[in-house]
Amino acid sequence: MTQFSKIELNYHDSKASVVPHGAHVLDYHPAGQPPVLWTSQLALFQDGKAIRGGVPVIWPWFGSHPTDAEKSSHGVARNMAWQVLGVTESAASFSLLPASENSHPLVDGRFECQLDVILDEALTVKLTTKNVGDSPFKMTAALHSYFHVGDATQIAIKGLDGRTYIDQLDSNQRKLQQGPIQIDQEVDRIYINSTDTVEIHDPVLGRVIEIQKEGSLSTVVWNPWIEKSKRMADFGEQEYLEMVCVETCNAADDQRTLVPAEQHSLLTRIFSRPND
Ligand code: BG6
């Protein structure tokens, strides 16, 4: 098996697949539905690169590194080889590094990091970090889920009404969300103090994608829109219309500090149902 060999999970007629590279979930097809996750036609499947689509694991920093701008955006986990810990018919587990090492040259501290994927009536992705060093371990993270939608300009993202967000496109100003989120321009927001379940209402595909979470007080909503799409080599020019990211995060104010021996799990549970 290579880092890009697909591990197929099955639960009744639902299917999902995951590759060891990045412990990256690529597909989720609930029975009788179009794909729930989206992957770019131009996605790269190469060692050392992130895959554009599915559920990249962002760890142990979200966005720019907090103190070293030279380090790559969104951490190291999504670009790395993961070890397969176990696979069953409907679940798979991965470990970021061989347990004996517990360190990475770009990461401060010693850790164990595990990703579990479970397929049942929903798709659950759980990222667990344990501090196995002797000083505090600081981290931010995201399960950077790319969702497939019929037409991004027609969806309504519900569940964040009344929440404060950090507008990453407007000098990180803090703003108040009023009503559902509509996508009619580039959107790049970190919603804070939110444990809410978020729903993507999609009138074109006739369904609602429900995103539940645990261990998270922040949610990112991202669509690159037209100009940013053109700047990304692994993103097609029109593809912004087919996708939206709703990311279950520990980002911004939601940074976690794990004391020695402490562990933390960030979990997302993705479910899709016909439109109400
Ligand atoms: C989002 C960020 O999480 O990821 C955006 O909020 C960023 O700012 C996007 O553009 C994609 O990042 P990347 O590194 O995968 O191109």
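Here is what the cut-offs are and how they apply
- Each residue is numbered by its place in its chain's sequence as written, counting from 1.
- This being a predicted model, a pLDDT of at least 70 is required before a residue's local features are given, and a value of 80 or more before pairs of side-chain atoms are given or counted; all residues contribute to the totals for chains, interfaces and linings.
- Calculation of side-chain values draws on the structure's entire complement of heavy atoms; hydrogens and water are dropped beforehand.
- Two strands are said to pair when DSSP picks up at least two bridges between them.
- Runs of E in the DSSP output that reach at least two residues are strands. Runs of H or I that reach at least four are helices, and both are numbered from the N terminus.
- Between the N-to-C directions of two axes lies an angle of 0 to 180 degrees, each axis being a line fitted to C-alpha atoms and, for a helix, fitted only over the stretch in contact.
- Here, two cysteine sulfur atoms that lie within 2.5 Å of each other are counted as a disulfide.
- Per-residue accessibility, obtained with a 1.4 Å probe over protein chains only, is compared with the maximum for each type, and a residue is labelled buried under 20%, exposed over 50%, and partly exposed between these values.
- Contacts between residues were defined by any pair of non-hydrogen atoms, one from each residue, lying within 4.5 Å.
- Only the six-membered ring of Trp is used, alongside the rings of Phe and Tyr, when aromatic pairs are assigned; centres must lie within 6.5 Å, and planes under 30 degrees apart are stacked while those over 60 apart are edge-to-face, with the rest tilted.
- Just to be clear on terms, a salt bridge is a Lys or Arg side-chain nitrogen sitting within 4 Å of an Asp or Glu carboxyl oxygen.
- In these notes, residues near a molecule or strand are those with any non-hydrogen atom within 4 Å of it.
- Within 3.5 Å is the distance limit for a polar contact, defined as a pair of N or O atoms, with the added protein rule that one can donate a hydrogen and the other accept it, and that residues adjacent in sequence qualify only through two side-chain atoms.
- Using a 1.4 Å probe, accessible areas were evaluated by the Shrake-Rupley method; residue-level cover was limited to the displayed protein chains.
- Here the term charged refers only to Asp, Glu, Lys and Arg, the term nonpolar to Ala, Val, Leu, Ile, Met, Phe, Trp, Tyr, Cys and Pro, and the term polar to all other amino acids, Gly among them.
- Exposure above 30% relative accessible area and no salt bridge define the residues that can form patches, which grow by joining like charges within 9 Å and nonpolar side chains of Val, Leu, Ile, Met, Phe, Trp and Tyr within 5 Å.

### Concerning the sheet that holds strand β3 (residues 24-29)
At step 1: One open sheet holds the three strands; their spatial order is β1-β2-β3, and the pairing between them is antiparallel. Edge positions in the sheet fall to β1 (7-11) and β3, since each has one partner strand and no second. If you compare each strand with its neighbour and ignore which way they point, the axes differ by 20° on average.
At step 2: In the sheet, strand β2 (residues 14-19) pairs with β3 via five bridges, with the strands oriented antiparallel. Paired with A16 across the two strands is Y28, which belongs to β3.

### Some words on the state of the cysteines
At step 1: What the rule picks out here adds up to zero disulfides.
At step 2: The thiol sulfur of C245 is not disulfide-bonded, and the nearest other cysteine sulfur, from C249, lies at 9.9 Å.
At step 3: Given the relative accessible area of 0%, C245 is considered buried.

### Things to note about the environment of S90
At step 1: In this structure, S90 sits in the loop between β5 (83-87) and β6 (91-95).
At step 2: Setting aside anything within four residues of it in sequence, one finds S90 in contact with L9, N10, Y11, V117, I118 and L119.

### Observations concerning the packing of aromatic side chains
At step 1: As enumerated under the stated definition, the model contains nine aromatic pairs in all.
At step 2: Measuring from centroid to centroid gives 4.8 Å for W59 and F111, while their planes differ by 70°, and the two rings are edge-to-face. Of this pair, W59 sits in the loop between β4 (57-58) and β5 while F111 is found in strand β7 (residues 111-119), placing the two residues 52 residues apart along the sequence. With respect to burial, W59 and F111 carry one shared label: buried.
At step 3: Measuring from ring centre to ring centre gives 6.1 Å for Y146 and W222, while their planes differ by 85°; the resulting arrangement is edge-to-face. Taken together, the residues Y146 in strand β11 (residues 146-148) and W222 in strand β18 (residues 218-223) connect sequence positions 76 residues apart.

### Focus on the pattern of salt bridges
At step 1: Evaluated as defined, the whole model comprises eleven salt bridges.
At step 2: Close ionic contact of R273 with E199 constitutes a salt bridge, the shortest N to O distance being 3.3 Å. Here the residue R273 occupies a position in strand β21 (residues 263-274), and E199 occupies one in strand β16 (residues 198-202), the gap between them amounting to 74 residues. Accessibility classification places R273 together with E199 in one group, the buried group.
At step 3: Salt bridges sharing partners connect three or more residues here, namely D167, D170 and K175.

### Some thoughts on the site of the ligand
At step 1: Around the ligand sit R52, F62, H74, R78, H144, Q168, D188, V220, W222, K228 and E247, and that is every residue in its neighbourhood.
At step 2: Measuring from an oxygen atom of the ligand, one finds a side-chain N or O atom of R52 at 3.0 Å.
At step 3: For the ligand, an oxygen atom lies 3.0 Å from a polar atom in the side chain of H74.
At step 4: Surface burial for the ligand is 83%, taken as the share of its 400 Å² of free accessible area covered by protein chains.
At step 5: The class makeup of the residues in the shell around the ligand is three nonpolar, three polar and five charged.

### Quick look at a nonpolar patch on the surface
At step 1: A cluster of nonpolar side chains, contributed by M1, V84 and V87, occupies part of the molecular surface with about 290 Å² of accessible area.
At step 2: By the secondary structure assignment, V84 is in strand β5.
At step 3: Owing to a relative accessible area of 31%, V84 belongs among the partly exposed residues under this scheme.

### Points about the sheet that holds β21
At step 1: Spatially, the eight strands line up as an open sheet ordered β5-β6-β7-β8-β21-β17-β16-β12, and their pairing is antiparallel. The outermost strands of the open sheet, each flanked by one partner alone, are β5 and β12 (156-158). On average, adjacent strands in this sheet sit at an angle of 15° to one another, irrespective of strand direction.
At step 2: Pairing geometry for β6 and β7, over five bridges, is antiparallel. Bridging from a neighbouring strand, A91 pairs with I118 of β7.

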